[in-house]
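Chain residues, written in single-letter form:
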Amino acid sequence: MGGAIEWKGLSDPVTSQSWRGARFSSAPAPPSRGPLSASPPTRHCAANQEAGSAPARTYGRGREAAWRGRGAEWAGRGRGAASRTGLRGRNAEWRHRCRSLLVRKKRPVFCRARRMCVCPGPRRSGIPIRSSSLPLFSDAMPAPTQLFFPLVRNCELSRIYGTACYCHHKHLCCPSPYLPQSRLRYMPHPAYATFCRPKENWWQYTHGRRYASTPQKFYLTPPQVNSILKANEYSFKVPEFDGKNVSSILGFDSNQLPANAPIEDRRSAATCLQTRGMLLGVFDGHAGCACSQAVSERLFYYIAVSLLPHETLLEIENAVESGRALLPILQWHKHPNDYFSKEASKLYFNSLRTYWQELIDLNTGESTDIDVKEALINAFKRLDNDISLEAQVGDPNSFLNYLVLRVAFSGATACVAHVDGVDLHVANTGDSRAMLGVQEEDGSWSAVTLSNDHNAQNERELERLKLEHPKNEAKSVVKQDRLLGLLMPFRAFGDVKFKWSIDLQKRVIESGPDQLNDNEYTKFIPPNYHTPPYLTAEPEVTYHRLRPQDKFLVLATDGLWETMHRQDVVRIVGEYLTGMHHQQPIAVGGYKVTLGQMHGLLTERRAKMSSVFEDQNAATHLIRHAVGNNEFGAVDHERLSKMLSLPEELARMYRDDITIIVVQFNSHVVGAYQNQE
Amino acid sequence: MFCRWLSIIRRRRASPARRRCSSARGSTSAAEARAAALPAQAQVVICGGGIMGTSVAYHLSKMGWKDVVLLEQGRLAAGSTRFCAGILSTARHLTIEQKMADYSNKLYQQLEQETGIQTGYVRTGSISLAQTQDRLISLKRINSRLNVIGIPSEIISPKKVAELHPLLNVHDLVGALHVPEDAVLSSADVALALASAASQNGVQIYDRTAVLHVMVKKGQVTGVETDKGQIECQYFVNCAGQWAYELGLSNEEPVSIPLHACEHFYLLTRPWETPLQSSTPTIVDPDGRIYIRNWQGGILSGGFEKNPKPIFTEGKNQLEIQNLQEDWDHFEPLLSSLLRRMPELETLEILKLVNCPETFTPDMRCIMGESPAVQGYFVLAGMNSAGLSFGGGAGRYLAEWMVHGYPSENVWELDLKRFGALQSSRTFLRHRVMEVMPLMYDLKVPRWDFQTGRQLRTSPLYDRLDAQGARWMEKHGFERPKYFVPPDKDLLALEQSKTFYKPDWFDIVESEVKCCKEAVCVIDMSSFTKFEITSTGDQALEILQYLFSNDLDVPVGHIVHTGMLNEGGGYENDCSIARLNKRSFFMISPTDQQVHCWAWLKKHMPSDSSLLLEDVTWKYTALNLIGPRAVDVLSELSYAPMTPDHFPSLFCKEMSVGYANGIRVMSMTHTGEPGFMLYIPIEYALHVYNEVMSVGQKYGIRNAGYYALRSLRIEKFFAFWGQDLNTLTTPLECGRESRVKLEKGMDFIGRHALLQQKQNGVYKRFTMFILDDHDTDLDLWPWWGEPIYRNGQYVGKTTSSAYSYTLERHVCLGFVQNFSDTGEEQVVTADFINRGEYEIDIAGHRFQAKAKLYPFTSLFTHKRRKDDVELSDLHGK
């Protein structure tokens, strides 16, 4: 019953009760090889298949290669022949269908039928049409169809709807049911293969078709779609007094759309109170959300402390020492759903305090200039170090002890922007991205990437990894575009499985709580694990001096970037924002214009403006496009409705969690800065 | 054109010196040269060379004040005056504004002849269009007011409109107001002409001289500090337009002049193929929010949009006026409206879109008068984009004010003192003008309230009352309940009370009034202005005896209704004064008297340290317990006998109410109903209110609002200062002889005038009218300002009106005059009033009315306190 454990993942035994999927963890999977009639095993099968067959992380480049590679991997792992051929056969069929789709470039069958279709496909299985995983609906792996279709059909609207904007407040740390499917690939259990025989597959396939062709009358109305999209939206306007805003930031919009249940992405935004500047960040968790949660609530404190001048540090330390009220360091800008764990705050605070004490000791106050870049790098590294140390040391409180271990064994990428006047620093660890929206003189939009992805698509990262490890590991350190064949981002917080020595891992796990000890995932040591650490949290810091034409910055997790091209992202946000502030003003200037012509022009401009007013939040607007765009780049309500009505178990297969922060710059202030110098 | 008039400006120096100055080196020699150029002293310094400043200078010099210096920071008439659209329109909502515009019209008309300067004056007439019936009612009201002050105007049909203006699309109109004598002209040229005439009369004009601040000593203007040196002066006139607010604040003793600028857009086109006639009438389409006039063969069209853009909130020099951008997207709704009104204009070519700042005030009325804080500091600004129309008249009134001490018309509605410090917040002004500017062309219905800048001053009971359904109005920043919506009423439906007809709160107020008549009601009257005057000796009594017309030397505990009169015997304030003890008095005045009365008292009180005047408005919450059962509630709460024997009418006592001690209880109600006023130190307010409400339950107590109070006081023929009474009405004219003690043994301000009036008789008489053939449900309701006709002759205007639930009739209060055939005012006798057939003109429809000089005492006799009638305040017997 290894599968059952894996289902459970790192879930807290208490909280997992509230998670619907948890019942499967207690239900024994019948080791039946016959036709799958019981639902739990079917589900397992589906999940395992998708787990095994979700390798390609990005679309576009080398997708076919990824496909082939995966087939090879399956073969190479030496599974049962039956499963191998079965999968191969299916893969071949998929590939065929994909090609045919490519040729036709038309909307697939299910769309023409105008039906809700929930047949899942393996996530990110590389249909080479950008941002269209939907064509897979009708063709892809049919197994879960029979399982979920009745669910969808029988569900009341509200329930699904409720699931989609499920609030994850109560999960201190969130269990990760589909643990292996995303960034982290975990070796499939041999037992899975038994469920995946070709005959069964075929049987399921046909059934899937039949079910899928049953007409359904389930749609989300536009207001329902809107309330799903807007459930997590948050806007912050830099406070101004009567139009006076001296900050280079006008404000920001942020939003999240979960695909995982619960969502593994996190976001943070805060204003530094003791120094100038504002911090914004997106965090993409994997193997649960424990790490991304911890990083989202701790990292900004580390950065802020790193930026503090010596005197302020002393002042704060003295205040703590004498029990006086502490100077506030950060002013958070949080959505009600963005929570902080109260239980760990003491622990976190102590670690932070140790950090600033060391900063005080290191710096005796002679140098006053603080380099932001250095501060960011130090903060990242220090936090990761603290996460690691806390897990090693443990905590007498068993709850906290478990928490720090979950934080350390899960992982998170981080993309953080620090804006102070015209100085923009982006610190990135992992594969989230920061993109600058630049408005050219002719009003068109262009995208400037301010971060490098740390993954297999980045040659320099590959190079770095190869250099950091002995030559004989050159082949094994990155396999199938994954770190040690497992992890997609090449830099991340947490993930001590890729950082600690084998000895240390074993020691910590053995001394750890039972829940951890029982967990297959934590016990598992990556293959070819010879010279740890393989993973670092050190960020790459990019500096950009803001110019008046830099209108906004988009920080987003890979969930956005894998569905949309950066150019489209910038164009959509740019058009949205200019729509909000009218377009370029018109001036008559000496031209011959009649009142009628002018009136026509103005009416047209107004019509254009009103079309973007559906969303009050740029991030929401972007998600609407990311999820609902059809092949013409326009939002298709039907498609949007279908994507959003996917039950949580399926959503993950069509998209990743999406988290977006759109920061708007104040061109006047930026321009004024420029003029000053 | 401009260069020609530079000659009227006295230059300090020849041009070389000028260049040196402008090089901004600021060497001492240059500074000295500058200082030498300005006169060292003058009687009056006027700041601002726009139409207001030049008009004041013109009128002052006409009235014989020649020692006047006018300073302009840039060039003459180069501010908003230069950008003015140049429409002179007399179709205004306020009579005083109509009169100012009418005077301006007559002045400008002969200005060219007087000065030889072309002002571009063309009498085109103006047409105000009505797209709805409500708008037509509004225009009809204006029409009937215009006619009675001698300005020809008429309501015309859409067909007639089409005849008057060939380009207009009239299919959506229901009617229009035509004022044939309205004109268009160039406001900059008018300002130059006025300046030229003033200059000829001896006024010295200096341009490019900016006033830095005004020097004040002991609350009196002593001089002006400019960037070119100082000028000593007695009077300073702030005509700085949109900069008046800032200039006011720049003094050591700041003068609050609440106004704020908004961007204003109008469009200029090239000439029409067949150029428009210069006599084409000006079109005002308030429903379309636009105005259109002919301009050099093409048109000039602007408007007041719904989403104004306030500007210069942070003050001067944020932007130069020249830098204001055209904003076509912002202008789009107005352009659409223009093309809807004149579709043929489509092919007309655009010349430019002008963006000019216009100044607005918190209540849409201009600001004039003397500062309450600094004597000799006069203000004329905040024209709400009607500077050209008001320029002549406003300048004249202000000049009269300065020369004679008061203007020849009642200008309380425009007086600077109607505002307090609370209206000087930049945020308040910014928000309020954003509401005011669209209101320029919104329909003005009775009893509308501003929505912005609210909840600033509130009573401690605000939340309690609000939770019980209170609907609020605002007076002088103070929230007052209008009426209370019962829990079962549909709230949404009630919000549509914007009507000229019977409002939807009619039944609600009726039940409140009934409760006041039969049981007991509580009205929160905390907004009333409350002063305390104390002295160590008899100084307080002495000064009050001098300032007030009634005899205040009464036993301790008595309350006296009295007027605070000016030299002419007119009411500066109407208040109730309680004698708390031998040496201290408690004075209750209307809400909007807070600044005005304070200024008056300060001005007339000796600067004697033994005399202490304190504004205690904020210290007390005032609850009005009104109704026959009030006495029962109060005696139950205080365990003290409250019967007339123990607590006669117009009596004040400190007593305990509930647990709270030291509550000032006064047996008066401001309405003539039996009841009490409780002046409660604010920390007890909630307690006392709760106690009153819980004890009052068995007597049927309920909350009531000001609408009920209004109905009660008007049917009782009670005049209120600010509405019925003003600085030009004397106690004798409104039947208040009993409140004047001419022979109280000492002189008081206004006594002489009253003695004379008593001898000669009065020229107008405050009268109560009961509308006879008025159908409350179907006819237009009276508001105020309706003309009164006696035997078909115009005799005066109403000042306030309300529906009397007791009489089941509308009651209007107003003044009746007696004009001879030649238009001269004659004495009005009781006989004249009584022998006449009266009609009240409501939007062109005349309703028969009965005139009464005394209230219906018998109707209001209460069975329970029949013997009390003479004690309740029924004045004028």
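Everything in this summary refers to the structure shown in the same document. A quick note: this is a predicted structure, and the numbers were derived from the prediction, not measured. (Residues numbered from 1 in each chain as written. Chains lettered and ligands numbered in written order. Predicted model: local features only at pLDDT ≥ 70, side-chain atom pairs only at ≥ 80, totals over all residues. Heavy atoms only, no water.)

## Remarks on the overall build of chain A
Counted only if it meets this: Comment: elements are numbered from the N terminus, with helices defined as DSSP H or I runs of at least four residues and strands as E runs of at least two. Exposure categories follow from relative accessible area, calculated using a 1.4 Å probe and restricted to protein chains: below 20% of the type maximum is buried, above 50% is exposed, and the middle band is partly exposed. In what follows, a contact means two residues having at least one pair of non-hydrogen atoms within 4.5 Å. What sets the accessible areas is the Shrake-Rupley method with a 1.4 Å probe; for residues, cover comes only from the shown protein chains.
For chain A, the helix and strand inventory stands at 28 helices and 15 strands. Counting only residues that meet the buried cut, chain A has 61% of its 677 residues in that class. Long-range contacts, defined here as pairs at least 24 residues apart, represent 79% of the contacts in chain A between residues at least 6 apart. Counting every atom, chain A has about 27,100 Å² of accessible surface; 54% of that belongs to carbon and sulfur.

## Quick word on the interface of chain B and chain A
Interface extent is often summarised as the accessible area lost during association of the parts. Put simply, the rule reads: The buried area of a pairing is the accessible area, by a 1.4 Å probe, that goes missing from both parts when the two are put together, added over both. Salt bridges are identified by distance alone: a Lys or Arg side-chain nitrogen within 4 Å of an Asp or Glu carboxyl oxygen. For this analysis, a polar contact is any N or O atom pair within 3.5 Å, provided that within protein one partner can donate a hydrogen and the other can accept it, and provided that sequence-adjacent residues contribute only side-chain to side-chain pairs.
The interface of chain B with chain A comprises 21 residues on the first partner and 18 residues on the second. Interface area for chain B against chain A, summed over the two sides, is near 1,900 Å², with a carbon-plus-sulfur share of 58%. Across the contact surface, chain B and chain A share zero salt bridges. Taken together, the links from chain B to chain A amount to six residue pairs in polar contact (both at pLDDT 80 or more). Every element with two or more residues in the side of chain B that touches chain A is listed here: strand S12 (260–269), helix H10 (328–341) and helix H12 (426–439) of chain B.

## A few points about the sheet that holds strand S29 (residues 652–657) of chain B
The pairing of strands in a sheet happens through backbone hydrogen bonds and is either parallel or antiparallel. Residue and element names in this part refer to chain B. Inclusion rule: For two strands to be treated as a pair, DSSP must find at least two bridges joining them. Geometry is summarised by axes, namely lines fitted to C-alpha atoms with helices restricted to the contacting stretch, and by angles between N-to-C directions that run from 0 to 180 degrees.
Strand order in the open sheet formed by six strands is S29-S30-S31-S28-S22-S32, and the pairing between neighbours is mixed. The two strands at the open ends of the sheet, each matched to only one other strand, are S29 and strand S32 (702–703). Relative to strand S28 (residues 620–626), strand S22 (residues 521–524) runs antiparallel, the two being bridged by four bridges. Pairing of isoleucine 523 across the sheet is with asparagine 624, part of S28. Across the sheet, helix H19 (residues 685–696) touches S22, S28, S29, strand S30 (660–666), strand S31 (675–681) and S32, and the angle it forms with S31 is around 150°.

## Examining the packing of aromatic side chains
All names here are of chain B. For clarity, the cut-off: Note on ring pairs: Phe, Tyr and Trp rings are taken, using the six-membered ring of Trp, and paired if centres are within 6.5 Å. Classes follow the plane angle, with under 30 degrees stacked, over 60 edge-to-face and the rest tilted. Sitting over a ring, as applied to charges here, requires NZ of Lys or CZ of Arg to be within 6 Å of the ring centre and within 35 degrees of the ring normal.
Under the definition given, this model contains 43 aromatic pairs over all chains. Look at tyrosine 483 and tyrosine 707: their rings are 5.7 Å apart centre to centre, the planes differ by 40°, and that puts the pair in the tilted class. With tyrosine 483 in strand S21 (residues 478–484) and tyrosine 707 in helix H20 (residues 706–715), the pair connects residues that are 224 residues apart, well separated along the chain. Through successive ring pairs, a cluster of aromatic residues spans Tyr483, Trp505, Phe506, Tyr707, Trp781, Tyr803 and Tyr805. Of note, arginine 432 hangs over the ring of phenylalanine 450, and the distance from its end group to the ring centre comes to 4.1 Å. The positively charged end of lysine 764 is found above the aromatic ring belonging to phenylalanine 815, 5.3 Å away from the centroid.

## A short note on the pairing of strand S25 (residues 571–581) of chain B
Residue and element names in this part refer to chain B. The buried fraction of S25 is high, at nine of eleven residues. Counting the residues between successive antiparallel strands, the hairpin from strand S24 (residues 559–565) to S25 contains five residues, one of them, glycine 569, with a positive phi of roughly 85°. Two strands pair when backbone bridges link them, and S25 and strand S26 (residues 584–589) are joined in this way by five bridges, in the antiparallel orientation. Note that in S26 the partner of asparagine 581 across the bridge is serine 584.

## As for H19(B)
Two residues of an α-helix separated by three or four positions point the same way, owing to the 3.6 residues in each turn. Basically, it comes down to this: A helix is expected to span 1.5 Å multiplied by its residue count minus one.
With twelve residues, H19(B) should cover 16 Å at 1.5 Å per step; its first-to-last C-alpha distance of 16 Å lies within 8% of that length. Those residues of H19(B) that fall on the buried side of the exposure criterion are Ala685(B), Val688(B), Tyr689(B), Val692(B), Met693(B), Val695(B) and Gly696(B).

## Digging into the pattern of salt bridges
In this structure the tally under the stated criterion is 57 salt bridges over all chains. Where Arg135(B) meets Asp287(B), a salt bridge forms, and the shortest distance between an N and an O atom there is 3.0 Å. With Arg135(B) in helix H6 (residues 133–148) and Asp287(B) in the loop between strand S13 (282–285) and strand S14 (290–295), this pair connects stretches of sequence that are 152 residues apart. The partner of Arg208(B) in a salt bridge is Asp207(B), with the nearest N and O atoms 3.3 Å apart. What you see here is one network of salt bridges that share partners, running through Glu461(A), Arg464(A), Glu468(A) and Arg491(A).

## Things to note about the sheet that holds strand S14 (residues 550–556) of chain A
All names here are of chain A. The six strands lie next to each other as S1-S2-S15-S14-S8-S9, forming an open sheet whose pairing is antiparallel. Both outer strands of the open sheet, strand S1 (234–237) and strand S9 (445–449), are each paired with one neighbouring strand and no more. Going across the sheet, the axis of each strand differs from the next one's by a mean of 20°, ignoring polarity. Relative to strand S15 (residues 658–665), S14 runs antiparallel, the two being bridged by five bridges. What sits directly across from alanine 556, in S15, is isoleucine 660. Helix-sheet contacts for helix H25 (residues 618–628) involve strand S2 (249–257), S14 and S15, and the interaxial angle to S2 is about 40°.

## Here we look at the packing of helix H14 (residues 310–321) of chain A against helix H15 (residues 345–362) of chain A
Residue and element names in this part refer to chain A. Threshold: Under this scheme an angle from 65 to 115 degrees is roughly perpendicular, one under 35 degrees roughly parallel, and one over 145 degrees roughly antiparallel; angles in between are oblique. Left-handed describes a crossing whose near helix is turned anticlockwise from the far helix through less than a right angle; right-handed describes the clockwise counterpart. Put simply, Ala, Val, Leu, Ile, Met, Phe, Trp, Tyr, Cys and Pro go in the nonpolar bin, Asp, Glu, Lys and Arg in the charged bin, and everything else, Gly too, in the polar bin.
Look at H14 against H15: their axes get within 10 Å of each other, and the N-to-C directions meet at 135°. When the interaxial angle is binned, H14 and H15 end up oblique. In the crossing of H14 with H15, the sense of the turn from one axis to the other is left-handed. From H14, His310, Leu313, Leu314, Ile316, Glu317, Val320 and Glu321 reach across to H15, where they touch Phe349, Arg353, Trp356, Gln357, Leu359 and Ile360. Residue composition of the contact of H14 with H15, by class: eight nonpolar, two polar and three charged.

## Description of helix H19 (residues 502–511) of chain A
Residues and elements named next belong to chain A. To be explicit about the condition: As used here, the arc is the angular range of directions from the helix axis to the C-beta atoms.
Taken residue by residue, H19 has Leu504, Gln505, Val508 and Ile509 as its buried positions. Here the buried residues of H19 occupy an arc of 125° about the axis, which is enough to place them on one side. Exposed side chains of H19 directed beyond 90 degrees from the buried face belong to Asp503, Arg507, Glu510 and Ser511.

## Some words on unusual backbone geometry
Residue and element names in this part refer to chain A. At the junction of alanine 261 and proline 262, the peptide bond is cis and its omega measures out at -5° in the coordinates. Along the chain, proline 262 turns up in the loop between S2 and strand S3 (265–272). One non-glycine residue, alanine 287, lies in positive phi territory at about 55°. Within the fold, alanine 287 resides in the loop between strand S4 (278–286) and helix H13 (290–307). Residue alanine 287 is classed as buried on the basis of its relative accessible area, which comes to 3%.

## Structural notes on the nonpolar core
Formally: As used in this record, nonpolar core signifies buried Ala, Val, Leu, Ile, Met, Phe, Trp, Tyr and Cys residues forming a set joined through side-chain atoms within 4.5 Å.
Formed by 58 residues in total, the largest nonpolar core has its most connected members in Leu299(A), Phe300(A), Ile303(A), Leu330(A) and Phe493(A). Broken down by element, the residue count for this core peaks at eleven residues, all from H13(A). Not counting chain neighbours up to four residues away, the residues in contact with Phe300(A) comprise Ser268(A), Ala269(A), Ala270(A), Leu279(A), Leu280(A), Gly281(A), Phe283(A), Leu330(A), Trp332(A) and Val416(A). Within the second largest apolar cluster, 53 residues are counted, among which are Leu76(B), Ala188(B), Met368(B) and Leu380(B).

## Here's the deal with the environment of Ser61(B)
All names here are of chain B. With respect to the secondary-structure elements, serine 61 resides in helix H3 (residues 51–62). You can call serine 61 buried: its relative accessible area is 1%. C-alpha separation for the pair serine 61 and alanine 399, spaced 338 residues apart in sequence, amounts to 9.0 Å. Once residues within four sequence positions are removed from consideration, serine 61 is found in contact with Lys66, Ala198, Asn201 and Val203. Only 2.8 Å separates the side chain of serine 61 from the backbone oxygen of tyrosine 58, close enough to count as a polar contact.

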